[in-house]
Amino acid sequence: MTVYGSFLFFIIIGILLLPTVILGLKGKSFRVYNLIISVVILALIFSGDARGFATLIAFTVFQVLLIKGYMAYRSKRNAGVVFYLMVALSLLPLILSKVLPFLAFDNWATFLGISYLTFKAVQMVIEIRDGLIKEQPPVYRIAYFMLFYPSLSSGPIDRYRRFEKDEGTVWDAADYQSLLYSGLHKIFIGFLYKFIIGYAVNTYFIMNLPYMTSNKILYNLLYMYGYSMYLFFDFAGYTAFAVGISYMMGIRTPENFNKPFLSRNIKDFWNRRHMTLSFWFRDYVFMRFMFLMKKKRWIKNKMLLSNLGYILLFTLMGVWHGLAIQYIVYGLYHAAVMVSYNFFEKWNKKHKKWPANRFTTVVSIVITFHVICFGFYLFSGQPFH
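Residues numbered from 1 in each chain as written. Predicted model: local features only at pLDDT ≥ 70, side-chain atom pairs only at ≥ 80, totals over all residues. Heavy atoms only, no water.

- As annotated in an unreviewed UniProt entry, the protein chain carries the name Teichoic acid D-alanyltransferase and is attributed to Rossellomorea marisflavi.
- In UniProt, the protein chain has this text filed under Function (unreviewed entry): "O-acyltransferase that catalyzes D-alanylation of both teichoic acid and lipoteichoic acid (LTA). D-alanylation of LTA plays an important role in modulating the properties of the cell wall in Gram-positive bacteria, influencing the net charge of the cell wall. Catalyzes D-alanylation from DltC carrier protein." (UniProt positions renumbered as here; feature names shortened; annotations may be inferred.)

As structure tokens, then:
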């Protein structure tokens with residue numbers, strides 16, 4: 001069964017969540033019931049993919065053992081080589097899932113949601129290393145965090161410590177009522193985005209482009225705008241569903257979008273679009289790279305250091321989407337744009353040629369919008385056909 005792909009899925013979710021809602025509105029705990037229906041819904045999601053389900057279970061067991069083992073080790077020692085080995089092992093299934101199809105092998109390592117589950121596991125390993133997760137997490141809570149079905153297929157990427165706090169909370173009736181209303185509102189927004197706007201853009205605009213113009217340049221320009229709109233509304237719709245259902249289950253999964261097409265520059269864009277992913281890469285790739293370079297004193301020039309960090313970050317982000325040429329080019333494009341803006345920002349701070357006012361804000365939004373849309377055009381693979 002496709003996650004958020006049909007009205008039947010929402011009907012089943014609605015029926016299964018009814019006891020959760022009733023218990024929540026009475027101010028009672030629904031933790032045990034939510035754990036039970038999570039297993040049921042995961043079984044439904046993977047009902048047509050027995051191998052994928054088996055791989056998911058094996059992956060989860062592997063990651064839980066890795067986390068528990070590293071937690072036990074970290075309570076006594078803190079060798080860097082062991083930490084990097086744990087991160088590498090945690091990433092190994094995801095790396096295999098990306099490399100196997102590229103080498104034309106059977107992709108036995110993949111399953112629905114492997115990327116997001118891997119990021120959750122790696123995040124726990126890193127925070128154990130940093131001493132932010134201090135107590136040995138129960139097996140069921142790690143598994144529940146990893147397999148939390150509302151965000152399984154499309155995110156957002158939650159953080160364990162934030163998830164743990166909500167999972168252990170028994171909401172009083174008034175607080176749960178507020179969560180419920182917010183969750184339902186987000187679900188309706190999801191329907192508007194995905195099944196109305198996104199569907200209309202794809203069906204009535206993108207699919208009709210060949211009949212609208214025979215001019216290749218105009219066709220690609222219109223495709224760029226249409227695909228950018230479709231990608232946003234479809235993906236934002238998915239994540240609105242995930243956040244809304246999470247709220248109904250008492251888990252305040254973080255938001256993933258904050259009006260990204262109103263971004264004033266490329267840095268602002270990555271603070272607004274797919275926020276949980278960009279913040280994950282910022283915290284666990286960019287910042288750790290910066291810290292390591294400063295600690296080792298291998299690179300002393302701050303501008304060079306930050307630019308190398310951006311190149312590393314966005315190259316990895318592109319490869320994360322896949323090893324196809326459009327994803328790699330997409331990552332390198334955003335790295336180049338970020339580096340260029342970094343130089344411009346430093347130059348403007350010194351010369352003050354681009355003041356902050358209403359006019360420059362509007363112009364900046366328009367320029368950034370087109371830069372973003374061209375990036376999505378590259379991401380679509382259309383230029384490489």
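Past the structure itself, the notes keep going.
### Quick word on the overall build of the protein chain
- Helix and strand counts for the protein chain come out as 15 helices and 0 strands.
- Relative to the globule expectation of 21 Å for 385 residues, the C-alpha radius of gyration of the protein chain, 22 Å, shows essentially globular dimensions.
- For the protein chain, the spread of C-alpha atoms along the three principal axes comes to 55 × 55 × 50 Å.
- A burial count over the protein chain gives 49% of its 385 residues as buried.
- A separation threshold of at least 6 residues defines the contact pool for the protein chain, and within that pool the share at least 24 residues apart is 73%.
- Of the accessible surface of the protein chain, which amounts to about 19,200 Å², a share of 67% is contributed by carbon and sulfur atoms. (Helix = DSSP H or I, 4+ residues; strand = E, 2+ residues; numbered from the N terminus. Rg over C-alpha atoms; globule rule 2.2 N^0.38 Å. Buried < 20%, exposed > 50% of the residue type's maximum accessible area, 1.4 Å probe, protein only. Contact = heavy atoms within 4.5 Å. Areas by Shrake-Rupley, 256 points an atom, 1.4 Å probe, with all protein chains shown as cover.)

### With respect to the side chain of Lys120
- Looking at the secondary structure, you find Lys120 in helix α5 (residues 114-129).
- This buried residue, Lys120, is left without a salt bridge; Asp158 holds the nearest opposite charge, at 6.6 Å.
- Beyond its immediate chain neighbours, meaning those up to four positions away, Lys120 contacts Phe145, Met146, Phe148, Ser151, Ile157 and Asp158. (Lys, Arg positive; Asp, Glu negative; His and termini not counted. Salt bridge = Lys/Arg side-chain N within 4 Å of Asp/Glu carboxyl O.)

### Details of the packing of aromatic side chains
- Scanning the model with the defined rule gives 53 aromatic pairs in all.
- Each ring, one from Tyr223 and one from Tyr227, has its centre 5.8 Å from the other, and the planes form 10°; the classification is stacked. Residue Tyr223 and its partner Tyr227 are located together in helix α10 (residues 216-248), separated by 4 residues, close to a single helical turn. Judged on exposure class, the residue Tyr223 and its partner Tyr227 are both buried.
- By way of ring pairs, the aromatic residues Tyr4, Phe7, Phe9, Phe10, Phe191, Phe195, Tyr238 and Phe241 are connected into one cluster.
- When the ring centre of Phe145 is taken as origin, the NZ or CZ atom of Lys120, which lies over that ring, is 5.1 Å away.
- Over the ring of Phe195 we find Lys194; its NZ or CZ atom is 5.5 Å from the centre of that ring. (Phe/Tyr/Trp six-rings, centres within 6.5 Å; stacked < 30°, edge-to-face > 60°. Lys NZ or Arg CZ within 6 Å of the ring centre and 35° of its normal.)

### Details of the packing of helix α12 (residues 275-296) against helix α13 (residues 302-321)
- Contact geometry for α12 and α13: axes closest at 10 Å, N-to-C directions at 140°. Of the possible angle classes, the one that applies to α12 and α13 is oblique. Considering the relative orientation of α12 and α13, their crossing is right-handed. Within the contact between the two elements, α12 uses Leu277, Ser278, Phe281, Arg282, Val285, Phe286, Phe289, Met290, Met293 and Lys294 and α13 uses Leu305, Ser306, Leu308, Gly309, Tyr310, Leu312, Leu313, Leu316, Met317 and Trp320.
- Here the residues of the contact of α12 with α13 are counted per class, giving 15 nonpolar, 3 polar and 2 charged. (Axes fitted to C-alpha atoms, helices over the stretch in contact; angles between N-to-C directions. Parallel < 35°, antiparallel > 145°, perpendicular 65-115°, else oblique. Left-handed = near helix turned anticlockwise from the far one by under 90°. Nonpolar A, V, L, I, M, F, W, Y, C, P; charged D, E, K, R; others polar.)

### Remarks on the packing of helix α3 (residues 50-74) against helix α4 (residues 80-102)
- Remark: α3 packs on α4, axes separated minimally by 10 Å, with the N-to-C direction vectors making an angle of 170°. On the basis of their axis angle, the class for α3 and α4 is roughly antiparallel. Across the interface between the two elements, Phe59, Phe62, Gln63, Leu66, Tyr70 and Tyr73 of α3 pack against Val82, Phe83, Met86, Leu89, Ser90 and Pro93 of α4.
- Residues of the contact of α3 with α4, tallied by class, amount to 10 nonpolar, 2 polar and no charged.

### Overview of the domain arrangement of the protein chain
- Examined at the domain level, the protein chain breaks down into domain 1 (30-168), domain 2 (177-249) and domain 3 (260-384).
- Distance between the C-alpha centres of domain 2 and domain 3: 24 Å.
- Contacts between domain 2 and domain 3 engage 11 residues on the former and 13 residues on the latter.
- Interface area for domain 2 against domain 3, summed over the two sides, is near 1,200 Å², with a carbon-plus-sulfur share of 75%.
- One can count 0 salt bridges joining domain 2 with domain 3.
- Split into classes, the residues belonging to the side of domain 2 that touches domain 3 amount to 9 nonpolar, 2 polar and no charged. (Domains from an automatic or database assignment. Buried area = accessible area lost by both parts, 1.4 Å probe.)

### Some remarks on unusual backbone geometry
- Following Gly155, the chain continues into Pro156 via a peptide bond in cis, with omega recorded as 0°.
- Within the element layout of this structure, Pro156 appears in the loop between α6 (139-146) and α7 (160-167).
- Phi is positive for Lys259, which is not a glycine, with a value near 50°.
- Note on Lys259: relative accessible area 58%, which makes it exposed.
- Unusually for a residue other than glycine, Lys352 sits at a positive phi of about 55°.

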